[in-house]
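Inside the fold
For reference, the chains in residue letters:
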Amino acid sequence: SQPPARPTTPDLLEAKTPQPASPPAPPLSTMLPAFLPPPALVRSGQANPPASRLPPDTAVFSRPTPAAIRPAPHPPPELSPPAPRFLDAATWRHAALLTPADATPPPPQPPPTAQPATAARDALTLPRSASPAAAGHAPGRTPAPARTARELDAHIRARRFEEARATLVAGLAYAALSVRHFNSLLDALGKAGRTRDAERLFLQFPDVAPPGAKRDVATYSIMVSIHAKAGRLDAAEGVFARMQLEGVHPNAFTYSALIEACGRTALSAAAPSTYVDRAERIFRSMAERGVAPNVVAYNALLKVYANRGRLRAAFDLVNEMERNPRTKPDIVTFGTLIDACSKGYDLDGAFAVFEMMRCARVRPNRVCYASLIDACSKSKRPDRAFEVLDLMARDGTRPDLFAFNALIDACGRSKMLDHAFAVYETLISHKLRPDRVTFNALIAASGRA
């Protein structure tokens with residue numbers, strides 16, 4: 001006897017009621033081999049190719065697919081191709097610069113209108129990386145102010161001034177940066193000793209700044225200070241006069257920088273007293289113009305007196321500070337006064353200032369201790385210099401290279417050659433690197449011995 005024939009799939013579909021004696025038809029996914037596409041990808045309404053065109057081992061699957069298991073006329077949503085996230089390739093390349101809020105496709109914007117370029121902007125010579133695209137900003141999209149500010153700060157800290165300049169120009173063009181960031185780069189250039197670059201950036205501000213932006217009092221004060229540290233009094237006075245012509249009123253820091261410029265010029269001038277008198281006139285003119293002198297202004301004039309050895313004028317100025325409750329002497333005041341006593345060979349006055357500082361509850365720093373050791377050296381009192389060194393150790397202040405150099409010089413002035421080299425060995429044990437001043441002091445000590 002032969003087993004009954006298995007009903008075919010069309011027979012099962014044509015039956016109106018299922019036959020309980022017959023097993024259910026297996027799902028199509030178990031009948032199709034792994035190399036065939038799933039039914040959802042079969043195009044709707046198109047018959048399978050005839051069996052004669054298929055390989056012999058696949059001819060059994062050439063029957064037309066029954067209507068009950070035909071795929072839907074449209075592919076499932078999960079198989080639909082994903083929509084493009086960005087509009088074009090240019091925006092795709094700059095996707096890393098977009099914030100999470102910008103992840104959705106922006107609405108189409110009209111092409112930006114070209115702004116008329118001024119003659120000064122055309123004449124501006126900037127590095128090639130100064131363009132917005134080269135600075136890392138997507139074309140047609142305003143960069144995030146916080147991210148641009150962080151990028152500028154990173155360039156400044158790494159002393160990559162050309163990249164910082166390009167980021168600043170692009171940020172100002174997009175109004176993502178302000179005058180405050182311009183002042184940060186200007187101050188960094190001045191501290192790095194790049195006076196010419198700082199001056200060029202200062203003069204180019206009207207060409208790179210957005211409309212309506214103006215240089216503030218901090219901008220002018222920084223530029224005056226840069227010229228002052230370079231000893232360029234004429235340039236500092238020119239900037240000071242220019243800010244007043246533009247309606248910017250100088251503050252106490254501006255006057256302090258101008259006084260510093262007078263003091264530095266007096267160091268190399270043929271008639272230094274002329275510049276000291278000019279510094280005094282600038283200081284006294286502050287009250288006449290309604291600007292109250294602060295501690296910084298007092299310290300600037302005090303340093304001018306200290307460099308020129310005007311010890312009595314320096315003490316009178318400190319007494320004037322103490323009478324004003326808003327200008328109490330600080331650590332810079334006492335350190336400058338000790339240095340003035342050192343240059344005036346007044347050792348007792350230097351220790352008196354040191355005691356004044358302690359009574360005022362101002363903790364001395366390394367500069368104050370080094371100035372006190374230098375005062376002992378110039379007065380040929382190496383014993384008191386070693387006392388200051390012991391005082392530093394008890395105070396918890398680690399001696400620096402300047403203190404050791406002053407101590408070596410104190411030993412050399414008193415013809416204590418062995419002590420001088422002993423101090424040198426101590427310097428090496430403190431993991432300090434000797435400089436030219438150290439070896440010059442040792443050579444001078446050897447010559448005096």
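Residues numbered from 1 in each chain as written. Predicted model: local features only at pLDDT ≥ 70, side-chain atom pairs only at ≥ 80, totals over all residues. Heavy atoms only, no water.

Remarks on the overall build of the protein chain
For clarity, the threshold we go by: Here a strand is any run of E in DSSP of at least two residues, a helix any run of H or I of at least four, and the numbering for each starts at the N terminus. Three labels apply to residues, based on accessible area from a 1.4 Å probe with only protein chains included: buried if under 20% of the type maximum, exposed if over 50%, partly exposed otherwise in between. Should any heavy atoms of two residues lie within 4.5 Å, those residues are counted as being in contact. Shrake-Rupley sampling with a 1.4 Å probe provides the accessible areas, and residues are treated as covered by the protein chains on show and by no other component.
Secondary structure assignment for the protein chain yields 22 helices and zero strands. Out of the 449 residues belonging to the protein chain, those deemed buried represent 37%. Relative to all contacts within the protein chain whose residues are 6 or more apart in sequence, the contacts with residues 24 or more apart total 62%. As displayed, the protein chain has an accessible area near 26800 Å², and 57% of this comes from carbon and sulfur atoms.

A short note on the environment of Arg264
With respect to the helices, strands and loops of the structure, Arg264 is situated in helix H12 (residues 252-267). In this structure Arg264 comes out as partly exposed when scored by relative accessible area, which is 33%. Remark: the alpha-carbon pair of Arg264 and Gly231, spanning 33 residues in sequence, is separated by 5.4 Å. Not counting the four nearest positions on each side in its chain, Arg264 is found in contact with Ala228, Lys229 and Gly231.

Observations regarding the confidence of the model for the protein chain
Under the convention used in this document: pLDDT is defined as a per-residue confidence score from the predictor, taking values between 0 and 100.
Summary statistics for the protein chain give a mean pLDDT of 77 and a share of 68% for residues scoring 70 or more. The element-level mean pLDDT for the protein chain is lowest in helix H3 (residues 89-93), coming to 36, with helix H10 (residues 217-229) highest at 94. Every residue in residues 112-136 scores below 50 in pLDDT, and together they form 30 contacts with partners more than four places removed in sequence or on other chains.

With respect to the packing of helix H16 (residues 331-343) against helix H18 (residues 366-378)
Selection criterion: Where helices are involved, their axes are fitted lines through C-alpha atoms of the stretch in contact, as for all axes, and angles between N-to-C directions lie from 0 to 180°. Note on angle classes: values under 35 degrees are labelled roughly parallel, values over 145 roughly antiparallel, values of 65 to 115 roughly perpendicular, and the remainder oblique. Residues are grouped as follows: Ala, Val, Leu, Ile, Met, Phe, Trp, Tyr, Cys and Pro are nonpolar; Asp, Glu, Lys and Arg are charged; all remaining types, including Gly, are polar.
At a minimum axis distance of 8 Å, the contact between H16 and H18 shows a crossing angle of 10°. With respect to H18, the axis of H16 lies roughly parallel. For the pair H16 and H18, contact is made by Ile331, Gly335, Ile338, Asp339, Ser342 and Lys343 and by Cys368, Ser371, Leu372, Asp374, Ala375 and Lys378, respectively. Here the residues of the contact of H16 with H18 sort into five nonpolar, three polar and four charged.

Looking at unusual backbone geometry
Although it is not a glycine, Tyr345 adopts a positive phi angle of roughly 55°. Here Tyr345 shows up in the loop between H16 and helix H17 (347-359). Phi at Lys380 takes a positive value of approximately 55°, unusual for a residue other than glycine. By the secondary structure assignment, Lys380 is in the loop between H18 and helix H19 (382-395). Note on Lys380: relative accessible area 52%, which makes it exposed.

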